[in-house]
Amino acid sequence: MKVVITLGSNTCQQANINKAKELLRQQFDGIRFSDEEWTDPVGVVSDRYLNCIGHLDTRLTLDALKTTLKEVERLMGDSHENHQRGTVIIDIDIIRYGERKIKDIIWRTIATLLIATASLLPAQAQPSDPDPVQLDKAIAYFTSAKYHEALLIFQRLDKRYKLNDRFRAYIGLCYYYEWDYKSAAQYLDEVIPRLGMLAPHERSVYYFAAAESHFNLKRYPTAIAHYEKALEVCYDNEKGDIYYRLGLCHMFAENWQKAIDNYALAEQFYRRHRNTDDLKARLAQLQRMKAGCQARIDEQTRADSSTTAKAKTDSTVTVASPTTPQNTPRQSPPVDDNPQKEKQKQKDAAPINLEDLYRNKIDVEQ
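Residues numbered from 1 in each chain as written. Predicted model: local features only at pLDDT ≥ 70, side-chain atom pairs only at ≥ 80, totals over all residues. Heavy atoms only, no water.

K.L.:
Provide a residue-level description of the pattern of salt bridges, including the pertinent values.
P.N.:
Counted according to the given criterion, the structure contains 15 salt bridges. A single salt-bridge network, built from bridges that share partners, covers Asp158, Asp165, Arg168, Glu190 and Arg194. (Salt bridge = Lys/Arg side-chain N within 4 Å of Asp/Glu carboxyl O.)

Here you go:
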């Protein structure tokens, strides 16, 4: 059975949270914890709370699980009397048990887990109001990956109260998991610049979701910017996937060398931190993609070399163009002042008369 629990402490907070995690790991193999978060107390006067969420699988019944968690609290010295005095050594509550929502959870625990309700509710709102209960449900849906149900409630509350940036980031994540990438990008782009106070790894989740949304919208430059921000705050075992995505972005943008560089970094982190069954297939895929990008670079290099050689040849070959003769003015023959002489010249220049030549030839023969 999949179970979601919360841990909170307002006394020697870090030491008590660490001890509770250790005891819970002894009871539940594979239990996972979120980043820890400091929150202000709501409804009580006390020191600040340190909180986190735990995800576990168990075969225990709900009653047996409650008994086990209460035993962890008892071993750490926590008691109901301490809570009445405002001292919480450790408080462990069940949010979800399988598909079942636990109804008797204290609103204060849910509210302090994520954010103070002062930024969400009007001044007159009380824990018994229906809207805090709705927010309780939305958070429970969200932590159990029921993003559609969570989104419906978050949207309604956001329209009524204008939720703070962290809850609006949750809305962006819900849109992302619902494959509405345009709405996810819109919400996350708006709130991410104002989430600097959150834990680094939590911010990496928002950066990655924003990057993936822009990637699916083919907005590669914006996706690259978010992926690079995620690299600054994510865990090392997550960097392989991010470098792989960066390689895809640069490849689709035809920045072949940058794609190769990011694929190479992805390969390094996969070899160090990935031990899954698909590691061999992923490494082979990276080799093929690097080879494909290198082939494009080689093809472009050959094309550039051919263009350069042709340009050089064209610059050294000169083609002689025929000269056009100039039109010289036609000169008239000179006119002789002696008419008889001119007449003789014309006679000498007269065409040959073949009949006269033939007659003269006969006369000569006779």
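Still to come is the rest of the account.
K.L.:
Could you give an account of the packing of aromatic side chains, naming the residues involved and the relevant values?
P.N.:
As enumerated under the stated definition, the model contains 16 aromatic pairs in all. Summarising the aromatic geometry, the rings of Phe154 and Phe167 are spaced 5.9 Å apart at their centres and angled 40 degrees between planes, so their arrangement reads as tilted. Residue Phe154 is found in helix H6 (residues 147-161), and its partner Phe167 is found in helix H7 (residues 165-177); the two are separated by 13 residues along the sequence. One exposure class covers both Phe154 and Phe167, and it is buried. The interplanar angle of 40 degrees and the centroid separation of 5.6 Å between the aromatic rings of Tyr220 and Phe252 together place this pair among those described as tilted. Residue Tyr220 is found in helix H10 (residues 220-233), and its partner Phe252 is found in helix H11 (residues 239-252); the two are separated by 32 residues along the sequence. Here Tyr220 falls in the buried class, since its relative accessible area comes to 16%. Among the aromatic residues, ring-to-ring pairing joins Phe142, Tyr147, Phe154, Phe167, Tyr170, Tyr176, Tyr177 and Tyr181 into one connected group. Its guanidinium or amino end placed over the ring of Tyr244, Arg282 lies 4.2 Å from that ring's centre, counting from NZ or CZ. (Phe/Tyr/Trp six-rings, centres within 6.5 Å; stacked < 30°, edge-to-face > 60°. Helix = DSSP H or I, 4+ residues; strand = E, 2+ residues; numbered from the N terminus. Buried < 20%, exposed > 50% of the residue type's maximum accessible area, 1.4 Å probe, protein only. Lys NZ or Arg CZ within 6 Å of the ring centre and 35° of its normal.)

K.L.:
Which residues make up the confidence of the model for the protein chain, and what values go with them?
P.N.:
A residue-level look at the protein chain finds 75% of positions with pLDDT of 70 or above and a mean pLDDT of 78. The least confident element of the protein chain, judged by mean pLDDT, is helix H4 (residues 107-114) at 39; the most confident is helix H1 (residues 13-27) at 93. (pLDDT = per-residue confidence, 0-100.)

K.L.:
Which residues make up the nonpolar core, and what values do they have?
P.N.:
Ranked by internal contacts, the top residues of the largest apolar core, which has 61 residues, are Phe142, Phe154, Tyr206, Tyr227, Tyr244, Met251 and Tyr263. Per-element accounting of this core gives the leading share, eight residues, to H7. Apart from the residues within four sequence positions on either side, Tyr206 is in contact with Arg166, Ala169, Tyr170, Leu173, Leu188, Ile192, Leu195 and Leu198. Ranked by size, the runner-up nonpolar core spans 23 residues in total, among them Val3, Leu62, Leu69 and Ile90. (Core = buried A, V, L, I, M, F, W, Y, C linked by side-chain atoms within 4.5 Å. Contact = heavy atoms within 4.5 Å.)

K.L.:
Give me the lowdown on the side chain of Glu37, citing residues and values where you can.
P.N.:
With respect to the helices and strands, the residue Glu37 is situated in strand E3 (residues 37-39). Taking the relative accessible area as the measure of exposure, Glu37 reaches 13% and is therefore buried. At 3.5 Å, the side chain of Glu37 and the side chain of Arg166 are in polar contact. (Polar contact = N/O pair within 3.5 Å; in protein donor to acceptor, adjacent residues only side chain to side chain.)

K.L.:
Lay out the packing of H1 against helix H2 (residues 62-75) with the relevant residues and their values.
P.N.:
Running from N to C, H1 and H2 point in directions that differ by 140 degrees, and their axes come no closer than 10 Å. The orientation of H1 with respect to H2, classified from their angle, is oblique. Like other packed secondary-structure pairs, H1 and H2 cross with a definite hand, here right-handed. Between H1 and H2, the contacting residues are Lys19, Leu23, Leu24 and Gln27 on the first element and Thr68, Leu69, Val72 and Leu75 on the second. A breakdown of the residues in the contact of H1 with H2 according to their chemical character gives five nonpolar, two polar and one charged. (Axes fitted to C-alpha atoms, helices over the stretch in contact; angles between N-to-C directions. Parallel < 35°, antiparallel > 145°, perpendicular 65-115°, else oblique. Left-handed = near helix turned anticlockwise from the far one by under 90°. Nonpolar A, V, L, I, M, F, W, Y, C, P; charged D, E, K, R; others polar.)

K.L.:
Before we move on, can you summarise H6 with the specific residues and values?
P.N.:
With 15 residues, H6 should cover 21 Å at 1.5 Å per step; its first-to-last C-alpha distance of 20 Å lies within 8% of that length. All buried positions along H6 are accounted for by Tyr147, Ala150, Leu151, Ile153, Phe154, Leu157 and Asp158. (Expected span 1.5 Å × (residues − 1).)

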